[in-house]
Amino acid sequence: MINKNIILYAAILIFGVIAPFVLPAFKVQLSILCILIVLALTWNIQGGEMGYNTFGNILFYGLGMYLCASVQVGMFFPLAEWTESGGEKTFVHTPSQFFQGMAYGLVVAAIVPTIVAGLIGYAILGLRGHYFAICTLGLGVAAGEISGGIEIIGAGQGFTTPPFPEVGDLEARGEFFYFLSFLVLVLTFIAVKSIYSTRFKLILNAIRDNEDKAEAMGIQTMKYKIIGWMISAFFCGLAGGIMGGLVGYIDSTDVAFDGREMGVFMVLMAILGGKGTLWGPVIGATIFHIFKEGFWTFFLGWQYVALGVLIVVIVIYFPEGIMGWLREKYPERFGEVVDEADRKAQVELK
Amino acid sequence: MDLLIFQVPILMVQASLDGILLGILFALIAYGMALQWGVMNIINIAQGDLVILGGYITYFMYLSGIHPALGVIVAPAIMYFVGVGLYKLVINKVVDRDLFISILATFGISILFMQLMNFAFGADVVLANSEFGTTMLFNNSVTLPNSKIFAAIISIIFAIGLVIYMRKSKLGRAIRATAQNARAAKILGVDTEKVYAATFGINAALCGVAGALVAITFTIHPYMGLPYTIRSFMIVIIAGLGNLPGVAVSGMGLGVFEEFADYILGTEFRIGSVFMLLVLILVYRRFKLSKKREYLK
């Protein structure tokens, strides 16, 4: 079993490394896919394992995006003049400035959302069920509306991130962002996988199943909920920072705090794959991304109609997701011992 | 402070009156949300989109030469059937499920409605001009459009009418019985499925009225729905379920808050301040509730 897993991971890793050279036309798509998987994996820590269905992780994503770009620009040039000139090339980053700025920017983009998550987590993670869901929805939209009114980060007209410096050949930009996002994906996956093999995951599941009882058993639920949210925020911030550089342009409500797209996508991907599983978000995000790209390309204009219908259909008819369906079909593969008579009785019940 | 509202105090009267009239309209939408939340235990994220749809019905009446004030009769009639249809198609499958499922499903409906309205009616900001004129108060320093007064009066009439209907009619009693205990109501011969459909229809009809009034007094746009949902959710949680005077008062309070936020923070932060207020209220509520002694049932 262990050997099989190692082969699988090695195969994915090798594919990840050679992918941009084998499929050069899809580099940007693959980078976006990596980001989407990261978002789905981190959403799953809340929605799947902890039972706290949040629409608010988009807050950390957008925050990371703005912070990374602001640091990258602000380290070398006056930020206000940069955003005012609206992307005109008054200031040009040298290659070393660009990469140095990106590195510091990503550090800030990871750390600040983590702190923010800790602070607001203390305030709102005490809410239960739908109050929590609506509160986080409100947070995401409020962040978008408010950042759309702040002058120094571009307000309504948007924020152009520094253009990629001219190093290497034409492919360099795509490869740089692809490997950056793939690295973050690998880090996230390792982090999430190692979390899921510890007691921490069991505590999160206990919170999901019955929070009051978990508390009565002596678990400080608030502490673990906040830590869980901070882990999510850390990787969401990183993903946002990279996505900002990849898109090249940040708008408050259409790119950064895009509750109507990215904020829903991460929930949908995790549910589609199967929430509460390790591989579910990965599979869900991959299938969703392929579906989305197809639809966005061939039915331009109808994509939100399709998205709305997709949400309703998945949520109503397919709430367990792909992994949940597989688990019901082949329970032995998931290490569950099934009594044959028991299973027959269940089939008859249905 | 160099803010205009502190230099010209009469603007405070203007903002308060505007806010109260606006708040009555919000309270009407919140009433619909409280109704279906209480009866079906569903939070309808598409509430605001139903409002906007009602507004577009009125707008098209206005375009075809009918006076938009009649929209307050036509829009709810159409929206009732939209609501019942929505219930039969989607909502009846999520009534007994986990709350998050219903939130996400209605969120999907909301996105769908937004985009369909965008296709059907275009992405322009429109309004149905009622040509009711304006009323000047306090030596012409406070301007009140008559359409806002009309909207407030119609909202009050519909709200009172619905309260009486819920008290006196057979369906109203069935709805209230289902809200108290769906299972017991079923045993006593109430067709709860029908009650749910009617409740959702009534909610949609109320949204239709509110939408017609929004189209007359303000503007409508396909993507403007979500703030109305959030406002009505906020009003319901401040007032508490089943507290109708509370809904009216907190609706007006929210209206006044918004008008003042508009003057003090600037129009670009208006929607943002509404959403921030929601977060603050929920956080306040959480800390208030956590002071209570809790025990395991």
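About the thresholds
Residues numbered from 1 in each chain as written. Chains lettered and ligands numbered in written order. Predicted model: local features only at pLDDT ≥ 70, side-chain atom pairs only at ≥ 80, totals over all residues. Helix = DSSP H or I, 4+ residues; strand = E, 2+ residues; numbered from the N terminus. Rg over C-alpha atoms; globule rule 2.2 N^0.38 Å. Buried ≥ 20, exposed ≤ 12 C-beta atoms within 10 Å, placed from the backbone. pLDDT = per-residue confidence, 0-100. Contact = placed C-beta atoms within 7 Å. Nonpolar A, V, L, I, M, F, W, Y, C, P; charged D, E, K, R; others polar. Core = buried A, V, L, I, M, F, W, Y, C linked by C-beta atoms within 7 Å.

Peer 1: Which parts of the structure should I look at to understand the overall build of chain A?
Peer 2: The secondary structure content of chain A amounts to 16 helices and two strands. The C-alpha radius of gyration computed for chain A amounts to 21 Å, which stays within 12% of the reference 20 Å derived for 350 residues, consistent with globular compactness. Each of the three principal axes of chain A carries a C-alpha extent, and together these read 75 × 45 × 40 Å. Evaluated residue by residue, chain A yields a buried proportion of 46% over its 350 residues.

Peer 1: Where do I start with the overall build of chain B in this structure?
Peer 2: Counting secondary structure elements, chain B contains 12 helices and two strands. Counted from the first residue to the last, chain B has its helices and strands arranged as α-α-α-α-α-β-β-α-α-α-α-α-α-α. At 20 Å, chain B has a C-alpha radius of gyration in line with the 19 Å of a compact globule built from 297 residues. Along the first, second and third principal axes, the C-alpha atoms of chain B reach 65 × 55 × 35 Å. Buried positions account for 49% of the 297 residues belonging to chain B.

Peer 1: Please clarify how the confidence of the model for chain B should be interpreted in this entry.
Peer 2: All names here are of chain B. Confidence along chain B averages 83 in pLDDT terms, with 95% of residues attaining 70 or more. No element of chain B has a lower mean pLDDT than helix 1 (residues 4-7), which averages 68, and none a higher one than helix 9 (residues 192-217), which averages 89. Overall fold confidence for the complex sits at a pTM of 0.84, while the interface term, ipTM, reaches 0.80.

Peer 1: Is there a simple way to explain the interface of chain A and chain B in this structure?
Peer 2: Where interface size is quoted, it is often the accessible area lost as the parts come together. On the side of chain B, 34 residues touch chain A, which itself brings 34 residues to the contact. Of all the elements in the fold, those that place two or more residues in the side of chain A that touches chain B are helix 5 (95-124), helix 6 (129-147), helix 9 (211-216) and helix 14 (303-317) of chain A. Of the residues that constitute the side of chain A that touches chain B, the class distribution is 22 nonpolar, eight polar and four charged.

Peer 1: Sorry if this is basic, but what is going on with the nonpolar core here?
Peer 2: Across soluble globular proteins, nonpolar side chains show a tendency to be buried alongside one another. Counting residues in hydrophobic clusters, the biggest one holds 197 residues, and the most contacted among them are A:L39, A:A239, B:L28 and B:V209. Discounting chain neighbours no more than four positions away, the residues touching B:V209 are B:L28, B:G54, B:V72, B:A75, B:P76, B:I154 and B:F158.

Peer 1: I'm lost on the environment of B:A69 in this one. Help?
Peer 2: All names here are of chain B. If you trace the backbone, A69 turns up in the loop between helix 3 (47-63) and helix 4 (71-89). The class for A69 is buried, based on 21 C-beta atoms found within 10 Å. When the C-alpha positions of A69 and I42 are compared, they lie 31 Å apart, and in sequence the two are 27 residues distant. When near neighbours in sequence (up to four residues on either side) are disregarded, A69 contacts S130, F150 and I216.

Peer 1: Got a minute to help me understand unusual backbone geometry in this structure?
Peer 2: Residue and element names in this part refer to chain B. We note that N41 has phi near 55°; this positive angle belongs to a residue other than glycine. Mapped onto the fold, N41 is located in the loop between helix 2 (10-40) and helix 3. Of the residues examined, N41 has 16 C-beta atoms within 10 Å and is grouped as partly exposed.

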